[in-house]
Amino acid sequence: MIVPFLSLDSIHASIKQEVLSAIEEVYSANSFILGEELNTFEKQYAKATEVNYCVGVGNGLDALKIALLALDINEGDEVIITANTFFATLQAVVLVGAKPVLVDVNQKDGLINCELLEKSITAKTKAIIPVHMYGNVVDLSSILKMIEGKEIYLIEDNAQAHLATYNKQFTGSFGHLNATSFYPGKNLGALGDGGAITTNNQLLADKCKAIRNYGSSEKYYHDVLGLNSRLDNLQAAVLSVKLKYLSGWTEERKRLAALYSKELLGVGDIRLFEIEECVEPAYHLFTILTEHRDELATFLKEKNIQTIIHYPVPIHLQKSVAYLGYKKGDFPISEKIANTILSLPLFVGLSNEELKYVVAQTKLFFSVNNLLNA
């Protein structure tokens, strides 16, 4: 049996004709930028995530960058982020000229440690970007409480948590601005790059719309400096089709994750991240932690099971940002996660037989290496 880490075959086969019809409509209309399909998707995504406004942009990195620009965050400002995240979170802060202030995560869930976060707030702190990693959800109540009455913005990085909820409210609806990605492998993925910003503030939404379009609210009039980062009509049309099915796909991810969790309980030294009772995760990824990560990954590869490490090098140890002065040991829990985390196959269309094969081979690894009771 061959089990890929990710396959879009099932999803795309089931909606192929709808997607092709949507693409054909855009093609026939000869309208590809800032058109009706984009307007429609923005309204649909805003409604689906229960926010007032959605602004489609070119990708997830640009969504973060435009959000920061819309809040006038630049040189001299500090933005607090988690040390355990994809590099784009840090990169967006650097690209607008602000200083990223990294905070380590909780061991129990791999999410930003709110006690350390609060201690990192200074007079220069302009924004906090919590990241809902793997589809799990940050302690938003604590963050909202600590910034109450302060001139500090909340920007959710919601790229891995489409339709996740916190106290029955969708992620991507708590922040002043919220950024997400529609990279093809995301729970809601385009057929190329794409992203969006969500907000309940009309003035901020309008500012984001201007920034994504060269800083222009009216053609050839540029009131602010902006970018060229627009979600095109073809991608918007495809996303509108997929959005109709996202809730069902999310439930399927939850079902598969529950099977994994049940079957891997007590196997070797495998540990799973904890999920708070008030959280309904979106399970963008299913991750395990084990001291035998590299050997297990090699073993599973030999058994035709593909796995991925999210992420092997912590962001503070990336060469491109060495100038920030962070060093090995600064964020021990994030570094520990980077050395022990492994993402197992999880996608809509993963069969029970394939999942059971992954589980069986994982158990076999610990058995043949006498690690079952590690």
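What counts, and where the lines are drawn
- Residues numbered from 1 in each chain as written.
- Predicted model: local features only at pLDDT ≥ 70, side-chain atom pairs only at ≥ 80, totals over all residues.
- Heavy atoms only, no water.
- UniProt positions renumbered as here; feature names shortened; annotations may be inferred.
- Helix = DSSP H or I, 4+ residues; strand = E, 2+ residues; numbered from the N terminus.
- Contact = heavy atoms within 4.5 Å.
- 1 Å grid on protein atoms, 1.4 Å probe; cavity = no way out; pocket = protein on both sides within 12 Å on 5 of 7 lines; lining within 4 Å.
- Points joined across faces, edges and corners; volume = space filled by probe spheres on them.
- Nonpolar A, V, L, I, M, F, W, Y, C, P; charged D, E, K, R; others polar.
- Domains from an automatic or database assignment.
- Patch = residues over 30% accessible without salt bridge, like charges linked within 9 Å, V, L, I, M, F, W, Y side chains within 5 Å.
- Areas by Shrake-Rupley, 256 points an atom, 1.4 Å probe, with all protein chains shown as cover.
- Salt bridge = Lys/Arg side-chain N within 4 Å of Asp/Glu carboxyl O.
- Buried < 20%, exposed > 50% of the residue type's maximum accessible area, 1.4 Å probe, protein only.
- Axes fitted to C-alpha atoms, helices over the stretch in contact; angles between N-to-C directions.
- Parallel < 35°, antiparallel > 145°, perpendicular 65-115°, else oblique.
- Left-handed = near helix turned anticlockwise from the far one by under 90°.
- Disulfide = S-S within 2.5 Å.
- Pairing = 2+ DSSP bridges.
- Expected span 1.5 Å × (residues − 1).
- Arc of directions from axis to C-beta.

S.K.: Outline the UniProt feature "modified residue: N6-(pyridoxal phosphate)lysine" (unreviewed entry) in the chain, listing residues and values.
M.R.: Those places that UniProt annotates as "modified residue: N6-(pyridoxal phosphate)lysine" (unreviewed entry) correspond, in this numbering, to K186. When you line up the elements, K186 lands in the loop between strand 8 (177–181) and strand 9 (195–199). When near neighbours in sequence (up to four residues on either side) are disregarded, K186 contacts A159, Q160, H162, S181 and H284.

S.K.: Just give me the short version of empty space enclosed by the protein, but keep the residues and values in it.
M.R.: Considering all chains together, one arrives at 3 cavities of 30 Å³ or more under this definition. Looking at the largest cavity, its volume works out to about 80 Å³. Lining of the largest cavity is provided by 14 residues; of these, L8, I11, K186, N187 and R253 occupy positions nearest its centre. Residue composition of the lining of the largest cavity, grouped by class: 7 nonpolar, 4 polar and 3 charged. Three or more residues apiece are contributed to the lining of the largest cavity by two domains, here domain 1 (8–103 + 110–241) and domain 2 (246–373).

S.K.: I'd like to hear about a nonpolar patch on the surface, residue by residue, with values.
M.R.: Residues F32, I33, L34 and L234 make up a contiguous nonpolar surface patch of about 290 Å² in total accessible area. On the basis of relative accessibility, which here comes to 31%, the residue L234 falls in the partly exposed class.

S.K.: Provide a residue-level description of the packing of helix 10 (residues 246–264) against helix 13 (residues 352–368), including the pertinent values.
M.R.: Close contact between helix 10 and helix 13 brings their axes to 10 Å; oriented N to C, the two are set at 25 degrees. When the interaxial angle is binned, helix 10 and helix 13 end up roughly parallel. Judged by the sense of rotation from one axis to the other, the crossing of helix 10 with helix 13 is right-handed. Residue-level contacts link R255, L256, L259, Y260, E263 and L264 of helix 10 to N352, L355, V358, V359, T362 and K363 of helix 13. Residues that form the contact of helix 10 with helix 13 fall into these classes: 7 nonpolar, 2 polar and 3 charged.

S.K.: A description of the layout of surface pockets should follow, citing residues and the corresponding values.
M.R.: Taken as a whole, the largest pocket encloses approximately 650 Å³ of empty space. At the level of secondary structure, the elements contributing two or more residues to the lining of the largest pocket comprise helix 4 (60–70), helix 5 (87–95) and strand 8. Here the lining of the largest pocket is composed, by residue class, of 16 nonpolar, 10 polar and 4 charged. Estimates place the volume of the second largest pocket at around 290 Å³.

S.K.: Which residues make up the state of the cysteines, and what are the values?
M.R.: Scanning all chains against the criterion turns up 0 disulfides. Free cysteine C114: the closest other cysteine sulfur is in C278, separated by 11 Å.

S.K.: Got a sec to walk through the environment of A196? Specific residues and values, please.
M.R.: Of note, A196 is situated in strand 9. Note: C-alpha distance between A196 and V103 (93 residues apart in sequence) is 25 Å. When near neighbours in sequence (up to four residues on either side) are disregarded, A196 contacts C54, V55, G56, V57, A63, N178, A179, T180 and F182.

S.K.: Run through the sheet that holds strand 12 (residues 279–280), naming residues and quoting values.
M.R.: Strand order in the open sheet formed by 3 strands is 7-6-12, and the pairing between neighbours is antiparallel. Whereas interior strands pair on both sides, the edge strands pair on one side only; in this sheet they are strand 7 (169–170) and strand 12. Here 2 bridges tie strand 6 (residues 165–166) to strand 12, and the two strands are oriented antiparallel to one another. What sits directly across from T165, in strand 12, is E280.

S.K.: Could you give me a rundown of helix 2 (residues 16–29), with the residues and numbers involved?
M.R.: For helix 2, with 14 residues, the first-to-last C-alpha span of 20 Å sits near the 20 Å given by 1.5 Å per residue. All of the buried residues along helix 2 are V19, A22 and V26. End-on view of helix 2: buried residues confined to an arc of 65 degrees, all on one side of the axis. Helix 2 presents Q17, E24, E25, Y27 and S28 as exposed residues on the side facing more than 90 degrees away from its buried surface. Its buried side turned inward, helix 2 meets helix 3 (36–48) and helix 9 (233–243). With its phi angle positive at about 55 degrees, N30 sits one or two positions after the end of helix 2.

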